Amino acid sequence: MTAARPNATLHPLEKVLDWLVPAVCLLAVLVTTAALAGWALGSVRLTRVVAMPGAGPMMPITALGLLATSVSLWLLHRQPMSRRRRLAGQALALLVLLVGGMILFEYLTRRALGIDLLFFERTVLEMSPDLPGRPSPLTALSLCFLGLALLLLHVMTRREWHPARLLALFVAVIAAQALIGYAYLEEVSREPPPGLTMLGPYLPMALHTALVLLLLSLGVLCVHPRRGLVGVLLRDDAGGLMARRLLPATILIPLLVWGLHLLSERLGLRDAPFGTSVFALVTVAAFLTILARNAHSLSRLDASQREVERSLRDSEARFSGIVNNAADAIITIDANQRISLFNTGAEQIFGYTANEALGQPMSQLLKEPLGTSMGTREEHRRLLGLRKGGEVFSAEATLADVCVEGTRQRVVILRDISARERAEEGRRNREELFRTAFEHAPIGMALVGLDGSFLNVNEALCQMLGYSREALGGLTFQDLTYPDDLEKDLLHVKQLIDGEQATYQLEKRYIHKQGSLVDVLLTASLVHDSWGRPLHFISQIQDISERKRLEGDWLLLAEAGPRLASSLDPQTTLSTVSRLVVPALGDFCLIAMLDENGRVLRRECLAASAEKSRLLETLFDRYPQAAFRRGHALAEVFKTGQSLLLEEVPLRLLETTAEEARHLDLLTRLAPQSCIVVPLSARGHMLGVVALATSESGRRYSPRDLALVEEVARRAALAIDNASLHAQSEEATHLRDEVLRIVAHDLRSPLNVIALSAGTLMKRSPSERASDSRPLNSIQKAVIRATTLIEDLLDVARMQGGGLRVDRRPESTEALFQEALEQHRALADARSVHLQLDIAPDVPPMFVDRDRVLQLFSNLIGNALKFTPMGGLVTLCAEPWGDMVRCSVKDTGSGIPTEDLPHLFEPFWQARSRRKEGAGLGLTIVRGITEAHGGHVWVESHPGLGTTFYFSLPAVNRADTPLTWHA
């Protein structure tokens, strides 16, 4: 069966036959499809092929039958086949048999069953009016034979012959007769053959019908090529050779000779002299030529056979030399288990001579019997041999039973493996020692291929890197090495392979499966084979992450001291602390200095990425006090002085901390994963808190990290406290100097006015005093100015001492703004400056100290009017801003230089470019009043375009604190 023959063992002719069946089926499908197309198109050329007298067309029912035959042959020719394919092929074969039988039935009974005109009736009646649509009886008989042959295609009788081959041979003979008739241009008679008048007039088989039938019958014969005539052609013996050489001549020579004979008759040469003898002589000459060629081939075959025999004798001599000189024992025993061959190797292994061993039982050489079963299968066994002195040894034997001229013998090839077993035992012990040391080593161990792949790893390395053995087996050390360390590692590897060094040690970083970095100390060496060729690396990997972390912690703490002591400015110290811990200990941090009531005095935000830094600034600008409200984590740490460690930050914590949806969105975008909050405490009092968190790095804090951050915070608190004390000292000194300056200068002026005005009054008579009140007015103005200056000094002193008192109540925002504006209406009109209100319609009432807020507005509006030119505009604005009301005073003056903006709210500070009016305390008081209300003040200015002062005040809906409290 064609599907079961491997191509590597096929005869060259058989390889051709193997694809002949599909080729035949394809050609038959093409021819029959063309014929059906001819009937559909009414084409005589496609239906008849040749325009010869007597040449008939291929009828539609014939074309369909041949098409079904070719498809069935293609479906059934290979085995094994699926059940669906077999059923489909057999159904088509049964259809072909039925069609052929019905056509024969029509001829025999002279009755029309109507199957001839089922297809293309009109065209058939026009092109074939005689017996329309009916194939010839031989065509019908051939279809019956082919259908039956396909049904019996793989059936074999007990005598191992196939009935399908005989049926196909009948069809081939019928088709060949029709083709030869066409080749010889035989005149076809319409008279029925003798004895078959019942079939009616004789109808010839169409040329292409005969060709397709011949091809399909050959296809059936090729299905089982090792049987029948095809099997004879495939033999490798002399008979097969003769058959392959004689077959073409046997078929072609009679046809050619007979064709020449017919041609000579048609040319009128039948009665020429020597006509018949010449054709007989030609036939004899042709066969003599074939005989000579085949005799020559047989002679060459015989010479080749003698060469093979000579080679066989040489092979036997070589075999005898190999057997006698082989180091292994080669022993042959007969059916009675007696030794018939005993080579030199057997003499050396067992200690017996050949004469002593020949004829002896095989059991004399073995501790256990071989067994008596004889077969053809080769068998390998482990045996225990017995030497002549009684010593037992391990042996490895190959047993094979052979048959020589009908006599079965067993060949035993035996090898003494006792020395090898002892060597293997030693090797296994060494391997077990190495395996135990490898597997149970406390450090990571790995065998690494020359390409970097992990050949074997121990459990310690798997735990170190977070991978299973199977996962590491699919990776290379290049995949796991941190990119910045790879180049140095590869350089050492190259030096090992080039023999420049025998081993190397390197500190490097691996990438853990979870994405974190693992610091290791790698020691690697190269293993060579017995020829000195490199085999693989053996690596010892020690996890030094803890040591590296300790070194980093020590370095951080060692660096913290000098850096924290480098500045005595509190804000600079906060910045130094943030840069110490980010990114060394976290992805972002918040450091806040708080007063005793939990309000933010100073803060510093820093993140490892610029985007997170901007996000932090936005968060604490919009919600400066949200994280420090009662009950929140930072407020609790500040209140209790107890550190907080959150190894995982749950989303619920963010939701409870958020003030509103926008606040929650900002917190979610920060994406804190783990968090530490520690207090800043120095000299027994709380200064603030440090909050440190991780995000994109994926790091998780542990108690060890908490202890480190607490130590950094302790040192930072001392540095901040020192900086604050120094700043307070500097500020107190500055304040003292400024107070002395004001007392010496600013208070002297009104006192001088008072003294001069009083002296003037003393010199005048009572009547003059009554008529001229200007000296009294001057004294009154000087007293008011001195009182205002003293109140400002007292307010600044209260702010410095933390005692600025505010008495808050709900106040209408619009009414408060309107009152502040009306207080300065006259001054604005005098300076020709327009005052304007811009209050948002949905602005809520404020929870403020009315007098202090009016004082705040007075300072800001007064400054705006002072620096706004004639015709300018001062605008007061208010709008909702979270739980606050954002207020602003905007002017259209010349603006403030950029370098002056950081100093605006410092006490006693005045810009050099401005007129020396006042003591420089107005904006300081503005900031104090704003912060006393829990708000924030800031300024935006553009030189030449004006200045806007912003400040936030609490709305009424945020009134959750007592009505009176101290800043």
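Residues numbered from 1 in each chain as written. Predicted model: local features only at pLDDT ≥ 70, side-chain atom pairs only at ≥ 80, totals over all residues. Heavy atoms only, no water.

(A) Layout of the overall build of the chain. A tally of regular secondary structure across the chain gives 32 helices and 24 strands. Out of the 967 residues belonging to the chain, those deemed buried represent 40%. For the chain, long-range pairs separated by at least 24 residues make up 62% of all intrachain contacts whose partners lie at least 6 apart in sequence. Accessible area of the chain: about 51900 Å², with a carbon and sulfur share of 58%. (Helix = DSSP H or I, 4+ residues; strand = E, 2+ residues; numbered from the N terminus. Buried < 20%, exposed > 50% of the residue type's maximum accessible area, 1.4 Å probe, protein only. Contact = heavy atoms within 4.5 Å. Areas by Shrake-Rupley, 256 points an atom, 1.4 Å probe, with all protein chains shown as cover.)

(B) The sheet that holds strand β11 (residues 588–594), seen in detail. Overall, antiparallel pairing links the five strands, which are arranged β12-β11-β15-β14-β13 in an open sheet. Each end of this open sheet is capped by a strand with a single partner; those strands are β12 (600–607) and β13 (644–646). Put simply, the sheet's adjacent strands are angled 15° from each other on average, direction ignored. Strands β11, β13, β14 (674–682) and β15 (685–694) of the sheet are contacted by helix α22 (residues 633–640), whose axis makes an angle of about 145° with β15. (Pairing = 2+ DSSP bridges. Axes fitted to C-alpha atoms, helices over the stretch in contact; angles between N-to-C directions.)

(C) Quick peek at a nonpolar patch on the surface. Judged by side-chain polarity, W161, L166, L169, F170 and V173 come together as a nonpolar surface patch covering roughly 460 Å² of accessible area. Accessibility expressed as a relative area gives 41% for W161, which makes it partly exposed. (Patch = residues over 30% accessible without salt bridge, like charges linked within 9 Å, V, L, I, M, F, W, Y side chains within 5 Å. Salt bridge = Lys/Arg side-chain N within 4 Å of Asp/Glu carboxyl O.)

(D) Representation of the environment of F905 within the structure. Mapping F905 onto the fold places it in the loop between β21 (884–891) and α32 (922–932). Taking relative accessible area as the criterion, F905 reaches 11% and is therefore assigned buried.

(E) Local environment of the packing of helix α3 (residues 60–76) against helix α6 (residues 137–151). Closest axis-to-axis distance for the α3/α6 pair is 11 Å, and the angle between their directions is 20°. Taken together, the axes of α3 and α6 lie roughly parallel to each other. With respect to the hand of their crossing, α3 and α6 are arranged in left-handed fashion. Packed against α3, whose contacting residues are T62, G65, L66, T69, S72, L73 and L76, the element α6 presents T139, L143, L146 and L150 at the interface. Along the lines of polarity and charge, the residues of the contact of α3 with α6 split into six nonpolar, five polar and no charged. (Parallel < 35°, antiparallel > 145°, perpendicular 65-115°, else oblique. Left-handed = near helix turned anticlockwise from the far one by under 90°. Nonpolar A, V, L, I, M, F, W, Y, C, P; charged D, E, K, R; others polar.)

(F) Structural detail: the packing of aromatic side chains. This structure, assessed with the given rule, holds seven aromatic pairs. Their ring planes at 70° and their centres at 4.7 Å tell us that F817 and F857 sit as a pair that is edge-to-face. Note that F817 is positioned in helix α29 (residues 813–823) and F857 in helix α31 (residues 850–867), a separation of 40 residues in sequence. Summarising the burial analysis for this pair, F817 and F857 share the class buried. Here W938 and Y950 contribute two aromatic rings whose centre-to-centre distance is 5.4 Å and whose plane-to-plane angle is 15°, an arrangement assigned as stacked. Here Y950 lies in strand β23 (residues 946–954) and W938 lies in strand β22 (residues 937–942), a separation of 12 residues in the sequence. The same class applies to W938 as to Y950, namely buried. Among the aromatic residues, ring-to-ring pairing joins F342, F350 and F393 into one connected group. Just above the ring of W74 sits the side chain of R85; from NZ or CZ to the centre is 4.6 Å. (Phe/Tyr/Trp six-rings, centres within 6.5 Å; stacked < 30°, edge-to-face > 60°. Lys NZ or Arg CZ within 6 Å of the ring centre and 35° of its normal.)

(G) Structural detail: the sheet that holds β22. The five strands are arranged β18-β20-β21-β23-β22 in an open sheet whose pairing can be described as mixed. The strands lining the two open edges of the sheet, one partner per strand, are β18 (834–839) and β22. Pairs of neighbouring strands in the sheet enclose a mean axial angle of 15°, with direction left out of account. Looking at chain direction, β18 and strand β20 (residues 873–881) are connected through six bridges and run parallel. Bridge assignment links L837 to a residue of β20, and that residue is L876. Contacts between α29 and the sheet are confined to β18, β20 and β21, with β18 contributing the most and set at about 175° to the helix.

(H) Structural context of the packing of α3 against helix α8 (residues 207–221). Contact pair α3 / α8: the axes reach a minimum separation of 11 Å and the direction vectors enclose 20°. Between α3 and α8, the angle falls in the class roughly parallel. Classified by chirality, the crossing of α8 by α3 is left-handed. On α8, the residues touching T62, L66, T69, S70 and L73 of α3 are T209, V212, L213, L216, G219 and V220. Classifying every residue of the contact of α3 with α8 gives six nonpolar, five polar and no charged.

(I) Local environment of the state of the cysteines. In the structure shown here, the tally under the stated rule is zero disulfides. Counting only cysteine sulfurs, C877 is the nearest neighbor of C887, a cysteine outside any disulfide, at a range of 9.5 Å. Of the residues examined, C887 reaches a relative accessible area of 0% and is grouped as buried. (Disulfide = S-S within 2.5 Å.)

(J) Quick look at the pairing of strand β2 (residues 339–342). Where strand β1 (residues 329–333) and β2 come together, three bridges link them in antiparallel fashion. From the neighbouring strand, I331 faces β2, where its bridge partner is F342.

(K) Spatial organisation of the pairing of β22. Of the pairings in the sheet, the one linking β22 to β23 comprises six bridges and is antiparallel in character. Bridging across to β23, E940 finds its partner in T948. From the end of β22 to the start of β23, which pair antiparallel, there are three residues, and G944 there has a positive phi angle of about 90°.

(L) Seen up close, the pattern of salt bridges. Summed over the entire model, instances satisfying the criterion amount to 31 salt bridges. In this structure, E711 engages R714 in a salt bridge whose closest nitrogen and oxygen atoms are separated by 2.6 Å. With E711 and R714 both in helix α25 (residues 703–746) and three residues apart, this pair spans about one turn of that helix. Taking the shortest distance from any N to any O, the salt bridge between E819 and R850 comes out at 2.2 Å. Here E819, found in helix α29, pairs with R850, found in helix α31; they are 31 residues apart in sequence, far enough to count as distant. Residue E819 is classed as partly exposed on the basis of its relative accessible area of 27%. Overlapping salt bridges bring together R382, E396, R420, E421, E424, E425 and R428 as one network.

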